Amino acid sequence: MEAIRKQASKLREQVARQQQAVMKQFGAGYGADGAFADEAEAQQHSKLEKLYISTRAAKHFQRDIVRGVEGYIVTGSKQVEIGNKLCEDGKKYGAENTCTSGSTLSKAAMCFAKARLLMEKERGNLLKALGTQVAEPLRSMVMGAPLEDARHLAQRYDRMRQEAEAQAIEVSKRQMKLRETSGNGDMISRLEAAESKLQELKSNMGVLGKEAVSAMTAVEAQQQRLTLQRLIAMVESERSYHQRVLQILDQLEREMVSERQRIEGVPPPAVESSMPPPPSYEEINGVFMRNTVAELVESVEFFLAEAIQSYRAESETELNLAAGDYIVVRKVSNNGWAEGECRGKAGWFPYDYIEKRERVLASKVAQVF
């Protein structure tokens, strides 16, 4: 009798260990007798778990991209609105400015407004591309049926597997009871029914598992492919936008620097000049004037002009000029030189460095002499 009790205690401990093993691991086997677990099913379950985790992470990443792009579009739209307002202000100033010292700033304001308008247009195109080529496709996939259907299959498989676990435990219990007692027909029939149900669950679970793995594999491949394509589309759209904006800014910089050089008198890059030297005062005003020299003087008339860029005299007969100086022009030759007086000094200078002025402030005229 004592031996029977020891055997029963040993069997109960075995059952307890089996039940604990079942509850601790999902897919590692169901009982030492191998009534439920097999290697193929375990591999299938492991693969399905990895697919489920992978597709869930990809879904969250796609959702993050959509949220980021949508936030960028909202912010960008506000920036476009502000930029367009700046364009309007620049155009208004350029059209209405009546500064007496010249129209340089008006021209610069108009150039700036025109370039800014082009940049805001490019930004609008970028935002539109991000919405249609990135956000919408990813949002459709996150909310689409293929992913949800595949996840539902995986969840159904998981529930069926849990049911099979419970049924395997039930079969183990009935087998243990049958061994502990002499057994009767009713217990045997119940055990057979439980084993039959377990086999049916295993069969259904195998079919459903393959279907779920296939669906999840297809969804994962689609997620990877579509997400990569949308990321590339986003990078290409932004790259195109920045390249176009850089071209606009380069052109604007050239225009504004050129205008600044003009008003500040920055000399242009040195270029070999074929312009002949200016006639000497002896030749023009002296008693030994020759006909060939007299022919160089195209006109002899007095008028006021403003220096549009600086000129540094290279000989004693030439006149130093600074941008903004006013000059009384007395002679203009047909070889590109003019002669005049500025700040009490007289001499020759290139005619292209000045512009004729019809009206000059009295204070400016006083500076000439």
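Residues numbered from 1 in each chain as written. Predicted model: local features only at pLDDT ≥ 70, side-chain atom pairs only at ≥ 80, totals over all residues. Heavy atoms only, no water.

Peer 1: Could you clarify how one ought to interpret the nonpolar core in this entry?
Peer 2: Side chains that are nonpolar tend, in soluble globular proteins, to be buried together. Residues I65, V69, L130, V134, L138 and M234 are the most contacted members of the largest nonpolar core, which totals 17 residues. Broken down by secondary-structure element, the contributors of at least two residues to this core are helix 2 (39–96), helix 3 (104–142) and helix 5 (185–264). Here the element with the most residues in this core is helix 3; it accounts for eight residues. When neighbours within four sequence positions are excluded, L130 is seen to be in contact with V69, Y72, I73, A135 and M234. (Core = buried A, V, L, I, M, F, W, Y, C linked by side-chain atoms within 4.5 Å. Buried < 20%, exposed > 50% of the residue type's maximum accessible area, 1.4 Å probe, protein only. Helix = DSSP H or I, 4+ residues; strand = E, 2+ residues; numbered from the N terminus. Contact = heavy atoms within 4.5 Å.)

Peer 1: I keep staring at the packing of helix 2 against helix 4 (residues 145–180) and nothing clicks. Help me out?
Peer 2: In helix packing, the relevant descriptors are the interaxial angle and the interaxial distance, both defined with respect to the helix axes. Contact pair helix 2 / helix 4: the axes reach a minimum separation of 11 Å and the direction vectors enclose 140°. The angle between the axes of helix 2 and helix 4 places the two elements in the oblique class. Helix-helix and strand crossings are classified by hand; for helix 2 and helix 4 the assignment is left-handed. Two secondary-structure elements touch here, helix 2 through E41, Q44, H45, L48, Y52, T55, R56 and K59 and helix 4 through L147, E148, R151, A154, Q155, Y157 and R161. Within the contact of helix 2 with helix 4, the residues separate by chemical class into five nonpolar, four polar and six charged. (Axes fitted to C-alpha atoms, helices over the stretch in contact; angles between N-to-C directions. Parallel < 35°, antiparallel > 145°, perpendicular 65-115°, else oblique. Left-handed = near helix turned anticlockwise from the far one by under 90°. Nonpolar A, V, L, I, M, F, W, Y, C, P; charged D, E, K, R; others polar.)

Peer 1: Got a minute to help me understand the pattern of salt bridges in this structure?
Peer 2: Two side chains with opposite charge may pair up if their charged atoms get near one another. On inspection of all chains with the given rule, the structure shows 15 salt bridges. Measuring nitrogen to oxygen at the nearest pair gives 2.3 Å for the salt bridge that ties E70 to R139. With a gap of 69 residues between them, E70 in helix 2 and R139 in helix 3 connect regions that are remote in the sequence. The exposure class assigned to E70 is partly exposed, which follows from its relative accessible area of 32%. A salt bridge links R174 to E170; its shortest N-O distance comes to 3.0 Å. A residue pair is termed a helical-turn pair when its members lie 3 or 4 positions apart in one helix, as R174 and E170 do in helix 4 at four residues. Residue classification places R174 among the partly exposed residues on the basis of a relative accessible area of 27%. Look at the salt bridges and you will find they share partners, linking R330, K331, E339 and E341 into a network. (Salt bridge = Lys/Arg side-chain N within 4 Å of Asp/Glu carboxyl O.)

Just geometry here; none of it tells us what the structure is for.
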